[in-house]
Amino acid sequence: MLVDLAVFFRTMAEANDMFYLPVQVEQTLWLDELKLLSETPEDEPADDGMVINDYSSPLRGVAFLGGDSIEVTAPEAEGDQAHVQIKYSVPAGTLMAIIHQVPGGLPADTKALTLRARCDEDATFFINMEEQTDRGDENKAGYNASITISGGPDWQTLTVPIAEFTLGEEHEDLNGKLDLEHVQMVMLANIRSLVENVDIEGVLYLDELATTTEAD
Ligand SMILES: [Ca+2]
Ligand SMILES: [Ca+2]
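Residues numbered from 1 in each chain as written. Chains lettered and ligands numbered in written order. Predicted model: local features only at pLDDT ≥ 70, side-chain atom pairs only at ≥ 80, totals over all residues.

A. Spotlight on the overall build of the protein chain. Scanning the protein chain from terminus to terminus reveals 3 helices and 12 strands. Taken across its 216 residues, the protein chain has 26% of its residues classed as buried. (Helix = DSSP H or I, 4+ residues; strand = E, 2+ residues; numbered from the N terminus. Buried ≥ 20, exposed ≤ 12 C-beta atoms within 10 Å, placed from the backbone.)

Below you can see the structure in the form of structure tokens.
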């Protein structure tokens, strides 16, 4: 199944309140090939974890929410580190978010998420992991944590222990625990515009989002 997330979110009343979505325009999508592989292609292992996204070009498995107020570019790679630059200027009452698809779930022995990033000014990002243990919304649960990236020119690798993720208030989880192998989506969002109801802007650079089995 191929889903245009912007169209998908637009159909959710709740999302319309939360996300600033641009006026819908007609879009064309060309597809060349859809393959079924007998083996799951392995991502390049980062130490003993799994790379959720390396932000190489062309970008795959990522969707951006924030409409016209988000500008994504792929600056020249620094060494072999391909990365993306996300320039955002988001109105109060909405938010900017980067949604990573995790089609095969995360390794069950994951101890932490790691993010190699930098930004122009200090910014706190909300990280949401959504598990889907079975069909239906009642089998979805969202777990949240947050990270603060210090502003500056240097790349930082931030570690977020899985133990820091707590169940979102709007969710119930039937088995009461985060099931990493059923996580389908990892979202990184700047929700300050929504929570404090102020206009926000910033530049965020992302190099790699990964899991690690090492406890920090
Ligand atoms: Ca669960
Ligand atoms: Ca990268």
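Picking up after the structure, the text goes on.
B. Highlighting the confidence of the model for the protein chain. Confidence in the prediction for the protein chain averages 85 pLDDT; 77% of positions are at 70 or higher. Taken as a whole, residues 19–24 scores under 50 in pLDDT and shows 18 contacts with residues more than four places along the chain or in a different chain. (pLDDT = per-residue confidence, 0-100. Contact = placed C-beta atoms within 7 Å.)

C. View of unusual backbone geometry. Here the bond from Ser57 into Pro58 is cis, since omega is 0°, no more than 30 degrees from zero. Relative to the helices and strands, Pro58 is located in the loop between strand S1 (51–53) and strand S2 (62–65). Positive phi is not limited to glycine here, since Tyr55 has a value of about 55°. Here Tyr55 lies in the loop between S1 and S2.

D. The pairing of strand S12 (residues 200–212), seen in detail. Of all 13 residues making up S12, 10 are buried, and the element is well covered by its neighbours. Direction of pairing for S1 relative to S12: antiparallel, over a ladder of 2 bridges. The residue bridging Asn53 from the neighbouring strand is Leu209, located in S12. As judged from the 7 bridges shared by strand S4 (residues 84–90) and S12, these two strands associate in the antiparallel manner. Looking at the pairing, Val90 lines up with Ile200 of S12. Where strand S6 (residues 112–119) and S12 come together, 8 bridges link them in antiparallel fashion. (Pairing = 2+ DSSP bridges.)

E. Expanded view of the sheet that holds strand S7 (residues 123–132). Strand order in the open sheet formed by 6 strands is S2-S5-S11-S7-S8-S10, and the pairing between neighbours is antiparallel. Of all strands in the sheet, those with a lone pairing partner are S2 and strand S10 (166–167), marking the two edges. Pairing of S2 with strand S5 (residues 96–101) involves 4 bridges; the strand directions are antiparallel. Residue Phe64 lies in a different strand from S5, and its bridge partner there is Ile98.

F. Quick look at the environment of Ala92. Residue placement: Ala92 occurs in the loop between S4 and S5. What makes Ala92 partly exposed here is the crowd of 13 C-beta atoms within 10 Å. Considered as a pair, Ala92 and Glu196 are 104 residues apart in the sequence and their alpha carbons are 7.8 Å apart. Not counting the four nearest positions on each side in its chain, Ala92 is found in contact with Ser193, Asn197, Val198 and Asp199.

G. Main features of the environment of Ser69. Position of Ser69 among the secondary structure elements: in the loop between S2 and strand S3 (70–73). Taking the C-alpha atoms as reference, Ser69 lies 5.7 Å from Val90; in sequence the two are 21 residues apart.

H. Focus on the environment of Glu201. Note that Glu201 resides in strand S12. For Glu201, a count of 14 C-beta atoms within 10 Å gives the class partly exposed. Put simply, Glu201 and Pro91 are 110 residues apart on the chain and 8.6 Å apart in space, counted from C-alpha to C-alpha. Not counting chain neighbours up to four residues away, the residues in contact with Glu201 comprise Tyr88 and Ser89.

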